[in-house]
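Results of the structural survey
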Amino acid sequence: MKQYFLILATLLTMSACNGQSSAYEEAKKTEAAIKDAPRPGTVKTTSGGWTMTAKVNGKQWTATSIMPPAAAGTIVGYVGGESYLMMYSFEKRSAKVGRQAKLGDGYSVDYWINDGPVYSKYKGIMEITAINGDWVEGKFQFTAPGLTVTDGFYRVQL
């Protein structure tokens, strides 16, 4: 009889441990889902949809979510809580292929990185390269003392 209780106690202990590791794995999955969720009010980026990429000081930068231009009046690409890149957005009624804006000369641009330096005196250019219905694609580049943003690309819905 003692053996029966000992075996039962062992089985119960083992099954309780398995439940804890399963709960731990579920907690990790939930944490990852929350971390990957787009910021409130933004749209998650995809390869064929909302997109913003660039090279920041030679390092690849890819937004994970974008604030729609209609909501912000600008294009804002976010990488979680780590950084954002914000710049002027053409209005739908004035958007046409080849249209350019000189960033920093009356057209907004900003780059922020968590715990990073503050940049100012931005100078650059953005251009619309394609329009397909409500979708606009373009390229951009700009500089500030200590900051060089090149090979910028965006695709947003106006």
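This text gives an overview of the structure that appears in the document. (Residues numbered from 1 in each chain as written. Predicted model: local features only at pLDDT ≥ 70, side-chain atom pairs only at ≥ 80, totals over all residues. Heavy atoms only, no water.)

**Section: the overall build of the protein**
We apply this condition: Strands are runs of DSSP state E lasting at least two residues, helices are runs of H or I lasting at least four, and both sets are numbered from the N terminus onward. Burial classification: accessible surface area is computed with a 1.4 Å probe over protein chains only, and a residue below 20% of its type maximum counts as buried, one above 50% as exposed, and the rest as partly exposed. Should any heavy atoms of two residues lie within 4.5 Å, those residues are counted as being in contact. Under the convention used here, a 1.4 Å probe and the Shrake-Rupley method define accessible areas, while residue burial counts only the protein chains that appear.
For the protein, the count of helices and strands is two helices and eleven strands. Written out in order from the N terminus, the α and β elements of the protein read α-β-β-β-β-α-β-β-β-β-β-β-β. A total of 158 residues make up the protein; the buried ones form 32% of that total. Considering only contacts in the protein between residues 6 or more positions apart, those separated by 24 or more positions represent 46%. A total of about 9,800 Å² of accessible surface is found on the protein, and carbon and sulfur atoms cover 57% of it.

**Considering the packing of aromatic side chains**
What counts here: Geometry of aromatic contacts follows a simple scheme: Phe, Tyr and Trp rings, the Trp one being its six-membered ring, pair when their centres are within 6.5 Å, and the pair is stacked under 30 degrees between planes, edge-to-face over 60, tilted otherwise.
Under the defined criterion, the tally for this structure stands at nine aromatic pairs. Ring geometry for Trp50 against Trp135: centres 5.5 Å apart, planes inclined by 70°, an arrangement best described as edge-to-face. Linking Trp50 in the loop between β1 (43–44) and β2 (51–56) with Trp135 in strand β10 (residues 135–144), this pair joins segments that are 85 residues apart in sequence. Relative accessible area serves as the criterion here: at 10%, Trp50 is assigned to the buried category. Among the residues examined, Trp135 registers a relative accessible area of 27% and is labelled partly exposed. Note on Tyr88 and Phe90: the rings are 5.2 Å apart at their centroids and 85° apart in plane angle, and the pair reads as edge-to-face. Of the two residues examined, Tyr88 and Phe90, each falls in the buried class.

**Here we look at the side chain of Thr51**
Convention followed: In protein, a polar contact requires one atom able to donate a hydrogen and another able to accept it; more generally it is a pair of N or O atoms within 3.5 Å, and residues adjacent in sequence count only if both atoms are side-chain atoms.
As for its position among the elements, Thr51 is in strand β2. Residue classification places Thr51 among the buried positions, given a relative accessible area of 11%. At 2.9 Å, the side chain of Thr51 and the backbone oxygen of Gly49 are in polar contact.

**Looking at unusual backbone geometry**
Glycine aside, negative phi is the norm for most residues, and most peptide bonds take the trans geometry. With a phi close to 50°, Asn57 is a non-glycine residue in the positive phi region. You can call Asn57 partly exposed: its relative accessible area is 45%. Here Asp115, not a glycine, exhibits a phi torsion of approximately 60°, which is positive. For Asp115, the location among the structural elements is in the loop between β8 (109–113) and β9 (123–132).

**Side note on the nonpolar core**
Note the following rule: In this text, buried Ala, Val, Leu, Ile, Met, Phe, Trp, Tyr and Cys residues form a nonpolar core when linked through side-chain atoms within 4.5 Å.
Counting 30 residues, the largest nonpolar core has Met87, Met126, Phe140, Phe142 and Tyr154 as its most contacted members. With sequence-adjacent residues up to four places away left out, Phe142 is seen in contact with Leu85, Leu103, Val109, Tyr111, Tyr122, Lys123, Gly124, Leu147, Thr148 and Val149.

**Points about the pairing of β2**
We apply this condition: Strands qualify as paired when DSSP identifies two bridges or more between them.
Counting buried residues in β2 gives five out of six residues, a clear majority hidden from the surface. Bridging between β2 and strand β11 (residues 147–157) involves five bridges; their strand directions are antiparallel. Its bridge partner being in β11, Lys55 is matched across the sheet by Thr150. The pairing of β2 with strand β3 (residues 59–62) spans four bridges and is antiparallel. Its bridge partner lying in β3, Val56 is registered against Lys59.

**Structural notes on the sheet that holds β1**
Judged by pairing direction, the sheet is antiparallel, and its five strands sit side by side in the order β1-β4-β5-β6-β8 without closing on themselves. A single partner strand is all that each edge strand has here, and the edge strands are β1 and β8. Note: strand β5 (residues 74–79) against strand β6 (residues 83–88), six bridges, orientation antiparallel. Among the inter-strand pairings, Val76 is bridged to a residue of β6, identified as Met86.

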